[in-house]
Each structure stands twice: as structure tokens, then as C-alpha cells.
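If you want the building blocks of each chain, they are given just below.
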Amino acid sequence: MGGRPRRQPPRRLDRRGPKRSPKTKIVVVCEGKVTEPQYFSELARHYGSLISMNLIIKEGSGVPLSILRKARELMQHPEDDFGRNDQVWAVFDRDEHPEVARAINEATAAGISVGYSNPCFELWLVLHYRDHDAPVRRDQIQRVLRSLMPGYNPRGSKEITFAEICDAVEAAETRAEAMDVRRVRERNLRGNPSSTVYKLTREIRKHGK
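Residues numbered from 1 in each chain as written. Predicted model: local features only at pLDDT ≥ 70, side-chain atom pairs only at ≥ 80, totals over all residues. Heavy atoms only, no water.

Caption draft 1: Quick look at the environment of Pro119. Inspection of the secondary structure assignment puts Pro119 in the loop between strand 4 (113-118) and helix 4 (121-126). Along the chain, Pro119 and Asp139 lie 20 residues apart, while their C-alpha atoms are 9.5 Å from each other. The contact partners of Pro119, leaving out residues within four places of it in the chain, are Asp93, Arg94, Asp95, Val136, Arg137, Arg138, Ile141 and Asn192. (Helix = DSSP H or I, 4+ residues; strand = E, 2+ residues; numbered from the N terminus. Contact = heavy atoms within 4.5 Å.)

Structure below.
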């Protein structure tokens, strides 16, 4: 005798939808405590980059080799799960720091990107206003920046007025990249003046609107 056919249990509908890809993580380990952290934070907000990426800034991390050490520690931290597209950047100046070339070489070997300015980060900020392609000391380029951005005081808080330069980031990138090419042609790689911060700002901007 044939019995009734068994009823199949109803399918459960998975209403969770496709998994979202995790946000790209960019970790920036800075030499400075004020100017660089403020700049990168406001840059990411201005371009809406924080919607699709996590920007983590570690400030005031010392001389280049100390910054590199801190960046390495962050990459190896068991609580930080670094994905294929995540990045760690070390941002520091030439100034009078010892063993800068060693820090850059070791960073490259460890997969850490470098945003380097010679003589200092203020050169990168000046490039938002105009070109500057003559050797310069730190105190000189700080005076130039103050003449262009009166709210900046190198002997005070060192805070910047980002609203004044927010629309000139791409122009600064173009100027810095051209300067970088000129230093290479002169066989004066990373010479004064130069800045590779443009490589980091492009990475932050590409996650924006």
C-alpha cells in the first residue's frame, strides 16, 4: 500500500543578505602631535572617506626609527586584523633626524608606506598655495606657511586652518609629484625640498565621495 508522500520541511529564507566587505583600514603613525593628525583627520572628513574606510592616527611617535617601530607593532598586534587592502603609513620629516635612510629602507622591507617631507611637513602645506622648489630650512618654510596661513603659529599650537586649503589638495599633489620627479632626475632622491605625502592623500581621497 502506498502511503501519503512526505511533506518537505519549508525552506528557511535567509534574510540577512550578502555580507558587506570590511572597511579598508589605513593606519597613519605620525611624528607630530598636532599638525599632521589634524590635517589627515580633516582631509578624510572633507572627502567623505570615512564612509568606506577606517582611518587610525597614532600621533607624536618620535623620531623616524621610533615611528617605524610603532608602525611594526601595530601591524603585528593580535587584536588588529589586517586585510589585503589595509595599509600602514609612517609619516615623518627629514629635519636633523638620524638614520632616516635606514628607517625608509626598513619600512619598505616591512610593507609600510612612508610619507616623508624634507625639510618638514610644512613644505607639504605650502604646496597647497604655490610651488616651492628651492632648498629651505625648517624655520624658513614655517615662516612661509605663516605668511600664507596667518592662523598657523609654529611657536604656538601649530594648528592649521584646513578650510583655507581643502580645495587645493589635488593641486598640492601635482606640485609634490612633479618635485619628486625633479629630485630623481637630479639624482637627489628625497632631497631638499621634497615630499611624498601626496601618495598618502591620494589613498585617503580615493575612498571618498
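Caption draft 2: Structural detail: the packing of helix 6 (residues 169-185) against helix 7 (residues 197-205). At a minimum axis distance of 9 Å, the contact between helix 6 and helix 7 shows a crossing angle of 145 degrees. Like other packed secondary-structure pairs, helix 6 and helix 7 cross with a definite hand, here left-handed. Across the interface between the two elements, Val169, Glu170, Glu173, Thr174, Ala176, Glu177 and Asp180 of helix 6 pack against Tyr198, Lys199, Thr201, Arg202 and Arg205 of helix 7. In terms of residue class, the contact of helix 6 with helix 7 is built from three nonpolar, two polar and seven charged. (Axes fitted to C-alpha atoms, helices over the stretch in contact; angles between N-to-C directions. Left-handed = near helix turned anticlockwise from the far one by under 90°. Nonpolar A, V, L, I, M, F, W, Y, C, P; charged D, E, K, R; others polar.)

Caption draft 3: Region of the structure containing the sheet that holds strand 4. Spatially, five strands are ordered 2-1-3-4-5 in an open sheet, and the strand pairing comes out mixed. Since the sheet does not close on itself, it has two edges, and those belong to strand 2 (53-58) and strand 5 (194-195), each with one partner. Sheet topology places strand 4 next to strand 5; two bridges connect them, and they run antiparallel. Residue Ser117 lies in a different strand from strand 5, and its bridge partner there is Ser195. Sheet strands touched by helix 3 (residues 100-109): strand 3 (87-93) and strand 4. Its angle to strand 4, the strand with the most contacts, is close to 155 degrees. (Pairing = 2+ DSSP bridges.)

Caption draft 4: Here's a closer look at the packing of helix 1 (residues 35-46) against helix 7. Close contact between helix 1 and helix 7 brings their axes to 9 Å; oriented N to C, the two are set at 35 degrees. In this structure, the crossing between helix 1 and helix 7 has a hand that is right-handed. Contacts from Tyr39, Phe40, Leu43 and Ala44 in helix 1 reach Val197, Leu200, Thr201, Ile204 and Arg205 in helix 7. Here the contact of helix 1 with helix 7 is composed, by residue class, of seven nonpolar, one polar and one charged.

Caption draft 5: Region of the structure containing the pairing of strand 4. In terms of residue burial, strand 4 counts as a mostly covered element, since five of its six residues are buried. Alignment of strand 3 against strand 4, held across five bridges, turns out to be parallel. Within the sheet, the bridge partner assigned to Trp89 lies in strand 4 and is Ser113. In this fold, the crossover linking strand 3 to strand 4 by way of helix 3 has right-handed handedness. (Buried < 20%, exposed > 50% of the residue type's maximum accessible area, 1.4 Å probe, protein only. Right-handed = clockwise from strand over helix to strand, strands pointing away.)

Caption draft 6: Region of interest: the side chain of Thr196. With respect to the element layout, Thr196 can be found in the loop between strand 5 and helix 7. For Thr196, the side chain forms a polar contact with the main-chain oxygen of Val114, separated by 3.2 Å. Beyond its immediate chain neighbours, meaning those up to four positions away, Thr196 contacts Val114, Gly115, Tyr116 and Asp180. (Polar contact = N/O pair within 3.5 Å; in protein donor to acceptor, adjacent residues only side chain to side chain.)

Caption draft 7: Representation of the pattern of salt bridges within the structure. This structure, assessed with the given rule, holds 16 salt bridges. Here Arg102 ties to Glu106 by a salt bridge, and the two come within 2.8 Å at their closest N and O atoms. Here the residue Arg102 and the residue Glu106 both occupy positions in helix 3, the gap between them amounting to four residues, near one helical turn. For Arg102, a relative accessible area of 41% translates into the label partly exposed. The exposure class of Glu106 is partly exposed, given its relative accessible area of 23%. The residue Arg205 makes a salt bridge to Glu173 at a minimum N-O spacing of 2.7 Å. Placement of the pair is Arg205 in helix 7 and Glu173 in helix 6, with a sequence separation of 32 residues. Residue classification places Glu173 among the buried residues on the basis of a relative accessible area of 2%. A network of salt bridges, in which partner residues are shared, links Asp131, Asp133, Arg182, Arg183 and Glu186. (Salt bridge = Lys/Arg side-chain N within 4 Å of Asp/Glu carboxyl O.)

Caption draft 8: Local environment of unusual backbone geometry. Backbone torsion omega between Asn118 and Pro119 reads 15 degrees, so that peptide bond is classified as cis. Of note in the backbone geometry, Asp95 takes a positive phi value of approximately 40 degrees without being a glycine. Assignment of secondary structure puts Asp95 in the loop between strand 3 and helix 3. What makes Asp95 buried here is its relative accessible area of 17%.

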